[in-house]
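# Geometric and topological summary
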Amino acid sequence: MSSNKKYWKSVEELNENSSIVETLKQNEFVEEIPTDEFLGDKDTLEATSTTRRDFLKYVGFTTAAASLAACEGPVKKSIPYVVQPTEIIPGVANYYATTIADGFDFASVLVKTREGRPIKIENNTLANGNANARVNASVLGLYDSLRVQGPRKNGESVTWDEFDAETTSKLNDIAAANETIVLLTQTFASPSTSKLIAEFSEKYGNVRHVVYDAISESAALEAFQAKYGERGLANYDFSKAMTIVSVGADFLGDWQGGGFDAGYSKNRIPDHGKMSRHIQFESNMSLTGANADKRVPLTPSQQKLALAKLHSLITGKNVAVELPEAVEAAVASAASQLQKAGSKGVVITGIQDVNAQTVVFEINEALASKAFDPKTPVKTRQGNDKAVAQLVADMKAGKIGAIIMSGVNPVYTLPNAADFVEGLKQTKLSVAFSMKEDETASEVQYIAAAPHYLESWGDVELKKGHYALTQPTIRPLFDTRQFQETLLKWTGNDSSYHDYIKEAWGATILGGSSFNQALHDGIYVGNIATETEEATTSNTVEEAQEAVASNAAQALVSSAKAANGLALTLYTKTGMGDGQQANNPWLQEFPDPITRTSWDNYLTVSKADAEALGLTNIHVANGALNSNYAKVTVNGVSVTVPVIIQPGQAKGSVGLAFGYGKTKGCKSEMQVGVNAYPLYQNFSNVQDVTVEAVGGEHEFACVQLHNTLMGRGDIVKETTLEIFNTKDKAHWNAVPVVSLNHEETPVTSPEVDLWDEFDRSIGHHFNLSIDLNACTGCGACVIACHSENNVPVVGKTEVRRSRDMHWLRIDRYYSSEDSFEGDDEKKENISGLGSSLSEFGEMEHASENPQVAFQPVMCQHCNHAPCETVCPVAATSHGRQGQNHMAYNRCVGTRYCANNCPYKVRRFNWFLYNGNDEFDYHMNDDLGRMVLNPDVVVRSRGVMEKCSMCIQKTQKTILDAKRDGREIKDGEFQTACSAACGNGAMVFGDINDKDSKVAKLKEDNRMYHLLEHVGTKPNVMYQTKVRNTTEA
Amino acid sequence: MKKSYQSKEVNLTKNMIQVNYRKLSDSLLRFGFIVLLAFATTLSAQEGDPAKGKSLFNTNCAACHNLDKDMTGPKLRHIEQRLADEQGLDKEWIYAWVRNSSALIKSGDAYANDVFNRYNKTAMTAFPQLSDDDLNNILAYTAQEKAAPPTPAPGTETAGQTATTSGGVSNEIILGALAILFVLLALGLYLVNKTLRRFAEAQDIALPEETKRTPLWKAFVQNQFLMLVLAIFFLLTSAYYVYGYLMQVGVDQGYQPVQPIHFSHKIHAGDNGIDCKYCHSSARVSKTSGIPSLNVCMNCHKSIYEYNGETSVEHTKEFYDGEIQKLYAAAGWSDADQKYTGESQPVKWVRIHNLPDFVYFNHSQHVSVAGVECQTCHGPVETMEVLYQHAPLTMGWCVNCHRETNVKVKDNAYYEKIHEELSKKYGVENLTAAQMGGLECGKCHY
């Protein structure tokens, strides 16, 4: 029974005379196959003698040959030294103490070198050096493929001899004509460089030295100079403070050069029921605000008023201040707590205003604060706004004969860069000492290729009397010469900079101590203060005093005008800083601790303002984050930036980070974000702005989309100091229970365990403790882990697909109520499906001024690991020492383990990141590969990887002890993260050593395991966060 | 570091056989043993014992003097005779010179000053401890005629060759004779058969007809069971060989590449008994054993400029001397001027032992901690003229050893506690590396 039914796909087919139907019947492919495109030029094709058969023969032969050749091992060559340096043993690392001083970051560090290559930066504990994320990542800058490889003149390569001859003769001509020679430099804080510049000035006469900090601390410097007669920044030791009140100072970030977090963390750990109290008034949600016990969001103008009020309450000098009632109460409470704390209290401010800074000095003096130390001022910021502004004006007017720049990039960082470029063209000689052909270097006549700090000599006076030395850890990779060497050449001095420093130190600093010892330690604390050369145009004390009003508090109040539109606070991100390391893929991929967004900067706005302006954040179906663009305008200068709605942002304020939007000396992948410097007018980080929504959709690479804990208090356990002190552990840190025969049994009990316990009491048993109180979320551990373990960079689009490779992440959680406890309560009170749907939905949104918690999460090395049981090829297994091993060569990439991991710490290699042109980061060029750690394998495509608890480091420690035939002391075992954590939040060690720190922490009342109810028995533990919420 | 090398060298010199010595160290021996014969005290010269003299010479003089070549100091063969003939100086002069040459120079002795100036004014170390007998022994040794180089005894070589040739000839003859015999036999049988048939035909005897049967092979092919068995057998065999082939991919046991310089471990580690770790010093402290840098070679080869050991047809003295010249070229050493030219050329050795990147192996763990002999993994290196990979270096091979080898815990404070507890747990006297955790994946793969 056949049917005559006619089937048709398109109405057109019913039309019998349709030409289209006919064509489609004849041609399978409607469009002609573009054979010409791949067969190329027809003439050449015909002229070739290769016939089709020959071609097939070749194909067959090459395929066979290739597959045969694959069975042969490659011949590897080994080339030993001709003369092996005595200090190098292949396979054994050497450590050198040195100092980074790039004008923004100053820190004493230890550099690990292998076979002469620096591969990692570590803390110099001898010098209490604390390397932040950027300093940890700075080693990669040495192997940057975009470095300038030799001196250049107008884009052409020249030799140093030519460079010297030409520049010297030009300098002589300019000096003879008595025109001004300007040295525009970063803050060197270097006694030897100061001396050298003085000699240079003497030789050439009309020399002006202008120190320029891209991100200015001028106001603080001037206030300090006016009060204490010396240009510097007051030093603070937060380990001596029990009550800290900060008004707009991100002192756990980059405030006044940073480096205060270690001292701060010391008192954050509750000891005998006591811990410090930290109150923060600020507009952007900063790292510091996130760590505060109490955070009061205030617009910049309100901050000034609050500070003035605080001043009047403490010093008793009455100033009329009008503040909203709640703020007034908060300030009053802060003041009373400070007065109670007395000399153990301290006030700091980040307001870039001479009066505000002076007010703070007065408060601290009134309190007789022990944490406040004006006697050893910090020297690492010396920039002078007025001098820089004057210079740009003079250059534009054609008054400058020559300009020599070192360590600065004004064309990128100056708000009036166009004026600067114009002025630059009028100079007779312009030289830039630069590692990159950046925005400034591409505008000057001569680029003097500068070495990386790991290839240079130098000295730094970090604080008054605290000297540090910089020594090269590798021979210069390229034909580079540092600024100081060239200054020596220009002044006709034949000695090397090393000899110069040695001589200068011998004469003025060391006072008979050994230079080699100082070089070995990296630091020398002397009693003799050297006179650093004051930049020629810097203010005198008198001038500085003039700038400070006689009644600073009153002046502060009158300067606090509410913004017309919104108040923009420009800030620096933990990862990017002032932007000089913008071409560093580690830092670009480093997620911001607060927003958890990498590869971008953005305008942070409060939820209320965003709604008013019509700005939105969109969560896309694949789990990524998108946003609108906003146009931000300051005095006619506008930039268009994406937006992130930031919980905790003060209403009426917005924030934007520096350091992004570089266009030169930066790989195209790294040219992300928007340059915020054009908005940095008059070097003021607070600006009146108008913001308007301009639509569009921006794609972010955000690594954490669950903003809040949604009441899952077993992830981040938190309590208050009061409860901690008064209640039992079971109340605030209860061990979860499960039901066994209808009886509640703690999960730690062996009866409810699925697995048998393995005896781990023999040998080492490694544990890592993470104290949520001491962790500030700074992220140094993330970069340290990156550099120790050869973790690949995957790029923005891959991060968006949740394919970031970080072995260690720092989760950041907000509370949806005002506190995390509020969250718990709300969750407990949910009843019924309807309620749970709506209330969980609400809980996804962070509150207006949420509390924040940071939680570093890496592989928890579970003793009963869910990942191990599901691996079909036994590629992941457990060692007796507690580490969860991962045999990459055994892994076939089923990813079952990642799916079964409750902590989501396993990372899959979707691509061969070290051999794929799509990932043009450091692992894809020979130069960038030099940073790889030879003790850790570089993983291939298709395998799972994860934190190994730095097994290469624990094994090395064990081997060293075996070789020496000795027992291992507590503190010898370290992971990359625990070694990088200067705050003492991460403690690593052997719990079978009963006297070890980590064994004691395991017994601590605050100890808990992540998701303990799952019963995985992790070897990583956390210490419950305790917040000091006690008011007055 | 340098010091220890030097002292090592002195030890080494004792062990070396039949090599010439030379040493350019600044403060060492200067010129000695200048002998004279003017007085016909040939008797006393003959009194010396050349064998004792050789030992004394190697201990005291060889760092700067060679019998047949000017080095730091002049060549010394027949020195007593030559001094007597050319300068008219007697044995007493030699005694004086050896025991304190600078005093002799200061005293204004013409020839002493002449020699001193000729050899870059380097003072010879004084040897006041050498007695007259000692010196006579040394002089006796220098008075010996140069021995013929121990070329591989040509007689034996030829004899061997002849033997092979003759063996070849006789075999062929026997085989040929056998073949002829066989052919003759076959022919004979055929003829017998033919004759018998003819007789039968002539006497009309009917020969029985051969019944046609299925040929064996056909029957075999038609038997399905046998075919199945055969097929299975064939498949299994080929699977066995394919598996065997695939398993040896990447296993380079026996890998023996040609190196840019023919370095003989047999001569160095075998004949001269140099400790492996003298050259591969980082094996004690590092994960790599380290290919010695050229300055380590030159520690000895500054004085060892020629080879005087055993040779063969393939590796003649000239061949070895040429290889030493290659080393000089690479290290930038000018043998004629006895100094470095500064033009060095690193040697690109071909790496023999390659572990994949995903394996972490540490030499010091095995060499220093466990005290494993190098030969355990590298084979009889001291007998290898050309080095090859002795072990398969597969994971199974590593693991086997870890299962069988006991951990060396004696006198190592690190192991004390863990060994006591673990051996109790496992109930054994000595723990194997495996019991100590040496089979855990993460111990070698990270």
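Residues numbered from 1 in each chain as written. Chains lettered and ligands numbered in written order. Predicted model: local features only at pLDDT ≥ 70, side-chain atom pairs only at ≥ 80, totals over all residues.

Take the overall build of chain A next. When you go through chain A residue by residue, the secondary structure sums to 35 helices and 43 strands. In terms of overall size, chain A behaves like a compact globule, its C-alpha atoms giving a radius of gyration of 31 Å where 1032 residues would be expected to give roughly 31 Å. Dimensions along the principal axes, computed over C-alpha positions, put chain A at roughly 110 × 90 × 80 Å. Within chain A, the proportion of its 1032 residues that are buried is 55%. In chain A, of all internal contacts separated by at least 6 residues, the share reaching a separation of at least 24 is 75%. (Helix = DSSP H or I, 4+ residues; strand = E, 2+ residues; numbered from the N terminus. Rg over C-alpha atoms; globule rule 2.2 N^0.38 Å. Buried ≥ 20, exposed ≤ 12 C-beta atoms within 10 Å, placed from the backbone. Contact = placed C-beta atoms within 7 Å.)

In this structure, glutamate 115 of chain A takes a positive phi of about 50° despite not being glycine. Looking at where glutamate 115 of chain A falls in the secondary structure, it is placed in the loop between β3 (106–114) and β4 (117–123). Assessed through the 16 C-beta atoms surrounding it within 10 Å, glutamate 115 of chain A is described here as partly exposed. Of note in the backbone geometry, histidine 78 of chain B takes a positive phi value of approximately 55° without being a glycine. For histidine 78 of chain B, the location among the structural elements is in the loop between α3 (50–61) and α4 (79–87).

Averaged over all residues, the pLDDT of chain A is 88; the fraction at 70 or higher stands at 93%. The least confident element of chain A is helix α2 (residues 35–39) of chain A, whose mean pLDDT is 62; the most confident is strand β33 (residues 766–771) of chain A, at 96. (pLDDT = per-residue confidence, 0-100.)

Glancing now at the packing of helix α8 (residues 218–228) of chain A against helix α13 (residues 354–367) of chain A. Residues and elements named next belong to chain A. Across the interface, α8 lies against α13 with an axial gap of 8 Å and an inter-helix angle of 50°. The orientation of α8 relative to α13 falls into the category oblique. The two elements α8 and α13 meet at a crossing, and its hand is right-handed. Each of Ala219, Ala220, Glu222, Ala223 and Lys227 in α8 lies in contact with α13, whose residues at this interface are Val354, Gln357, Thr358 and Phe361. Of the residues belonging to the contact of α8 with α13, the class tally is five nonpolar, two polar and two charged. (Axes fitted to C-alpha atoms, helices over the stretch in contact; angles between N-to-C directions. Parallel < 35°, antiparallel > 145°, perpendicular 65-115°, else oblique. Left-handed = near helix turned anticlockwise from the far one by under 90°. Nonpolar A, V, L, I, M, F, W, Y, C, P; charged D, E, K, R; others polar.)

Turning our attention to the interface of chain B and chain A. Frequently, the measure chosen for interface size is the accessible area that the parts lose on association. Taken together, the contact between chain B and chain A spans 46 residues of the former and 40 residues of the latter. Sorting the residues of the side of chain B that touches chain A by element identifies α14 (294–301), β3 (349–350), α16 (363–369), α19 (413–426) and α21 (441–444) of chain B as the ones contributing at least two each. Per-element tally for the side of chain B that touches chain A: the top contributor is α19 of chain B, with six residues. Of the pairings in the sheet, the one linking strand β1 (residues 77–78) of chain A to β3 of chain B comprises two bridges and is antiparallel in character. Note that in β3 of chain B the partner of lysine 77 of chain A across the bridge is valine 350 of chain B. (Pairing = 2+ DSSP bridges.)

If you look at the biggest cluster of nonpolar residues, it comprises 286 residues, and the most contacted ones within it are Leu310, Leu556, Leu568, Val632 and Cys781 of chain A. If we skip the residues at most four places from it in the chain, leucine 556 of chain A touches Lys304, Leu307, Ala308, Asp353, Asn355, Ala356 and Val359 of chain A. (Core = buried A, V, L, I, M, F, W, Y, C linked by C-beta atoms within 7 Å.)

This part is about the pairing of strand β28 (residues 686–699) of chain A. Residues and elements named next belong to chain A. Taken together, the four bridges between strand β21 (residues 566–571) and β28 define a ladder with antiparallel strand orientation. The residue bridging leucine 566 from the neighbouring strand is valine 689, located in β28. As paired elements, strand β25 (residues 625–634) and β28 share seven bridges and run antiparallel to each other. The partner of valine 632 across the bridge, within β28, is valine 691.

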